[in-house]
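Spelled out, the chains give:
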Amino acid sequence: LHPSSDEEIEPDFLVSGTLRILEKVTVPTHSGIDYVCAQDSSSVVEWAQCPGDRPQSQQLLEAQLSYETEWDMVNAVSFRKRRSSNMEGDSHERSRLAFAFSVSDLRSVTVREEGWTFIILQLKDSSTPLPHLHFHQGGSRAFLDSLRRFALLTESPSDHTCLLVSTPNKALSQSFENLLDDNNFGLVHKFKRDPYVTTLGGFSKVTNYLFDALRGMEEQQQRPPEEVADLLGEVIPGLEINQQEEPGFEVITRIDLGTRPEVSRKSPLTADDWARHQDADGRMKDVPDLKHAVFKGGLCHALRKEAWKFLLGYYPWESTHEERKTLQREKTDEYFRMKLQWKSVSEEQERRNSRLRDYRSLIEKDVNRTDRTNRFYEGIDNPGLVLLHDILMTYCMYDFDLGYVQGMSDLLSPILYVMENEVEAFWCFVAFMDQMHENFEEQMQGMKTQLIQLSSLLRLLDLAFWNYLESQDSGYLYFCFRWLLIRFKRELSFVDVLRLWEVMWTGLPCENFHLLVCCAILDSEKQKIMEENYGFNEILKHINELSMKLDIEEILQKAEGICLQIRSCKVSAGSVFSARREVGVSNGHSRESSCEQSGRGAFVS
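Here the structure is a predicted model, which means the values were calculated and not measured.

Engineer: Honestly, the overall build of the protein chain in this entry has me stumped. Any pointers?
Structural biologist: Regarding its fold elements, the protein chain presents 25 helices and eight strands. Here the analysis covers contacts within the protein chain between residues at least 6 apart in sequence; of these, 70% occur between residues at least 24 apart. Looking at the protein chain as shown, the accessible area adds up to about 29,200 Å², and 48% of this sits on carbon and sulfur atoms.

Now the structure itself:
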């Protein structure tokens, strides 16, 4: 802190201190985050004891030992301190300058440069000014990164140095685990039997933030569409919602979609079938027919190692055998150069690189609980786990901005299982992440878009069911969050995940086929949900308990039938055109035009 001249402190005196972000998960009257500044950066910060809490010194000690304690130490940024000969004066100055407040009371954060970075925190109560925080030794970025874990920071339209703060309300800050941890549901024992499910803990704040945005807890009655749009605009800045009744966009009406066509699945593509689509030099031919065959039946397992490289775009379809060998050599060199970057970081260097430490810690934690019942990853000191770890660490070098986000190990695991090769698995994972990147970005705009698209699609396909979900505060299908985030990885058996992913990678029969897969699952479950009159909690419980009970072939049949049903409708119906835009289908029946969508991202512009 830089004390002002009217504080009767020598002008060049800098008050050093420690800035901490703490989460209080047991105090019901706070949103959870406190900020404290004290002079002695090496001491334990003193906190006023809350009624019924254990001694603060004990809580802070536990926080430093474990991330799973009552107090969760998120980040600590230390300042160098200046010695003072007057220890009594130090104590008085500490108590006078120390401050704490709830993050929910924070209005904005302004970041300025003056040879060093200093931050101005403005509370909603403007009558309580806070001192400016000067980061002479760095650490401002780490502080902002930590703050983003608990609040949404968006740039002010009028001042690019000012970040506006918005936070979910306390009623929605409970995680999905807490919501489900109800004696009536008996899910606690289920989670204990399957500890890997707890990986979702990292998604809980994001999930509840979306739920806060899409549900609106303050008023339980159903809101008019324009009010919902306004609410979304406030809580999710930058998300534009078109409320105009323009033909072909967000115009949802009652309409008879006609009979859903019956479709059938075929046998998986064999190695002989694949070979017939290669010329003498190794180029793939009749690619649209080949993709259609994969979509209708999938691949036999022996063929996946080669075919997935084409489906994901690692190998170009028109490449020859020799061109692919050259590509493999180049990509092998590139991979190991990136791997060497993090392997060569010394312990001393890593102590000064909090971002790399955090990535490594999270990766190690996730790798140790990823698909451990699969023979490829089971047991102690399994080499498959080492490869999983190394590929994810190298991806942090490949994409510095994104790094590692919880859930990415779920996407890599099946790819490594199929490739059985570190380099090939890495580049196929990179290609898959190119499609999934928006799911893991900090603002989660891709997830918000998909949930809104899915809600619009279901509203067209089954208005009665959508209205029922809406009446239970479930109209925005927040319970599908996990489905979309990691492409049904936790919902299906490992073998079925392989089948579903290769089908979706063909890009057929439409760009957003995964949304139709969601609709197919919901279509199968709507009768039970409505007949049993499930409420909000029961719907969430029921959907979560579908895990490992779904029939992938039945789902694919129904999803394809829905797509054909939408495609067969006349374009004159605005709602149908809207649905076509959501899933990326046209009213044509050309297989070639559909196949060109292979490898594209998950979202429609």
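Engineer: Got a minute to help me understand the side chain of R324 in this structure?
Structural biologist: Examined against the element boundaries, R324 turns out to sit in helix α11 (residues 321-343). One buried charged residue, R324, remains without a salt bridge, the closest side chain of opposite sign being E306 at 4.8 Å. At a separation of 2.7 Å, a polar atom in the side chain of R324 contacts the main-chain carbonyl oxygen of S319. Among the polar contacts made by the side chain of R324, one reaches the side chain of H321 at a distance of 3.2 Å. Those residues in contact with R324, other than ones at most four positions away along the chain, are Q278, G282, F310, Y315 and S319.

Engineer: I keep staring at the pairing of strand β7 (residues 152-156) and nothing clicks. Help me out?
Structural biologist: If a strand is regular, its side chains alternate between the two faces of the sheet. Of all five residues in β7, four are buried, a share of seventy percent or more. Turn length for the β7-strand β8 (residues 159-166) hairpin, with the two strands adjacent in sequence and antiparallel, is two residues.

Engineer: Sorry, what's going on with the nonpolar core here?
Structural biologist: Buried together is how nonpolar side chains tend to be arranged in soluble globular proteins. Counting residues in each nonpolar core, the largest one holds 113 residues, and the members touching the most others are F479 and F513. For this core, the element with the most residues is helix α16 (residues 422-440), which contributes twelve residues. Two domains each donate at least three residues to this core, and these are domain 2 (251-300 + 441-586) and domain 3 (320-435). Discounting chain neighbours no more than four positions away, the residues touching F513 are F295, V503, M504, L508, L556, A559 and E560. Of all hydrophobic cores here, the second largest spans 24 residues; its members include I21, V109, F150 and L163.

Engineer: Would you explain unusual backbone geometry in this entry?
Structural biologist: Excluding glycine, a negative phi dihedral is what most residues carry, and trans is how most peptide bonds are arranged. Cis geometry is found at the peptide bond from L508 to P509, where omega equals -10°. Along the polypeptide, P509 turns up in the loop between α20 (494-504) and α21 (513-531). Even without glycine at this site, N533 takes up a positive phi of about 55°. Position of N533 relative to the elements: it lies in the loop between α21 and α22 (536-544). Under the relative-accessibility criterion, N533 is labelled exposed at 56%. The phi dihedral of M548 falls on the positive side, at around 70°, and the residue is not glycine. Inspection of the secondary structure puts M548 in the loop between α22 and α23 (552-568).

Engineer: I keep staring at the packing of aromatic side chains and nothing clicks. Help me out?
Structural biologist: The geometry of two aromatic rings is summed up by the distance between their centres and the angle between their planes. Taken as a whole and judged by the stated rule, the model has 24 aromatic pairs. Note on Y398 and W427: the rings are 5.9 Å apart at their centroids and 90° apart in plane angle, and the pair reads as edge-to-face. Here Y398 is found in helix α14 (residues 383-398), whereas its partner W427 is found in helix α16, with 29 residues between them in sequence. With a centroid separation of 6.1 Å and 35° between ring planes, the pair formed by W483 and F488 is classed as tilted. Just as W483 is buried, F488 falls in that class too. Through successive ring pairs, a cluster of aromatic residues spans Y335, F336, Y395, Y398, F426, W427 and F429. In this structure, R324 packs its charged tip against the face of Y315, placed 5.7 Å from the ring centre. Sitting above the plane of the W466 ring, R459 keeps its charged end 4.7 Å from the centroid.

Engineer: I'm lost on helix α18 (residues 463-471) in this one. Help?
Structural biologist: Along an α-helix, residues three or four positions apart point the same way, because every turn accommodates 3.6 residues. Those residues of α18 lying buried are F465, W466, Y468, L469 and E470. Looking one or two residues beyond α18, the residue adopting positive phi is D473, at roughly 60°.

Engineer: How should the environment of S568 be read in this particular structure?
Structural biologist: With respect to the helices, strands and loops of the structure, S568 is situated in helix α23. Overall, S568 belongs to the partly exposed group, its relative accessible area being 48%. Here the alpha-carbon distance between S568 and G258, two residues 310 residues apart in the chain, equals 8.5 Å. Within polar-contact distance, the side chain of S568 engages the backbone oxygen of Q565 at 2.9 Å.

Engineer: Please clarify how the confidence of the model for the protein chain should be interpreted in this entry.
Structural biologist: The predicted coordinates of low-pLDDT regions are not to be read in fine detail. Considering every residue of the protein chain, the mean pLDDT works out to 74; 65% of them sit at 70 or more. Taken together, the stretch residues 25-88 has pLDDT below 50 and engages in 146 contacts with residues farther than four places along the chain or on a different chain. Segment residues 231-254: pLDDT under 50, and 48 contacts once partners within four positions in sequence are set aside and those in other chains are kept.

Cut-offs applied
Residues numbered from 1 in each chain as written. Predicted model: local features only at pLDDT ≥ 70, side-chain atom pairs only at ≥ 80, totals over all residues. Heavy atoms only, no water. Helix = DSSP H or I, 4+ residues; strand = E, 2+ residues; numbered from the N terminus. Contact = heavy atoms within 4.5 Å. Areas by Shrake-Rupley, 256 points an atom, 1.4 Å probe, with all protein chains shown as cover. Buried < 20%, exposed > 50% of the residue type's maximum accessible area, 1.4 Å probe, protein only. Lys, Arg positive; Asp, Glu negative; His and termini not counted. Salt bridge = Lys/Arg side-chain N within 4 Å of Asp/Glu carboxyl O. Polar contact = N/O pair within 3.5 Å; in protein donor to acceptor, adjacent residues only side chain to side chain. Pairing = 2+ DSSP bridges. Core = buried A, V, L, I, M, F, W, Y, C linked by side-chain atoms within 4.5 Å. Domains from an automatic or database assignment. Phe/Tyr/Trp six-rings, centres within 6.5 Å; stacked < 30°, edge-to-face > 60°. Lys NZ or Arg CZ within 6 Å of the ring centre and 35° of its normal. pLDDT = per-residue confidence, 0-100.

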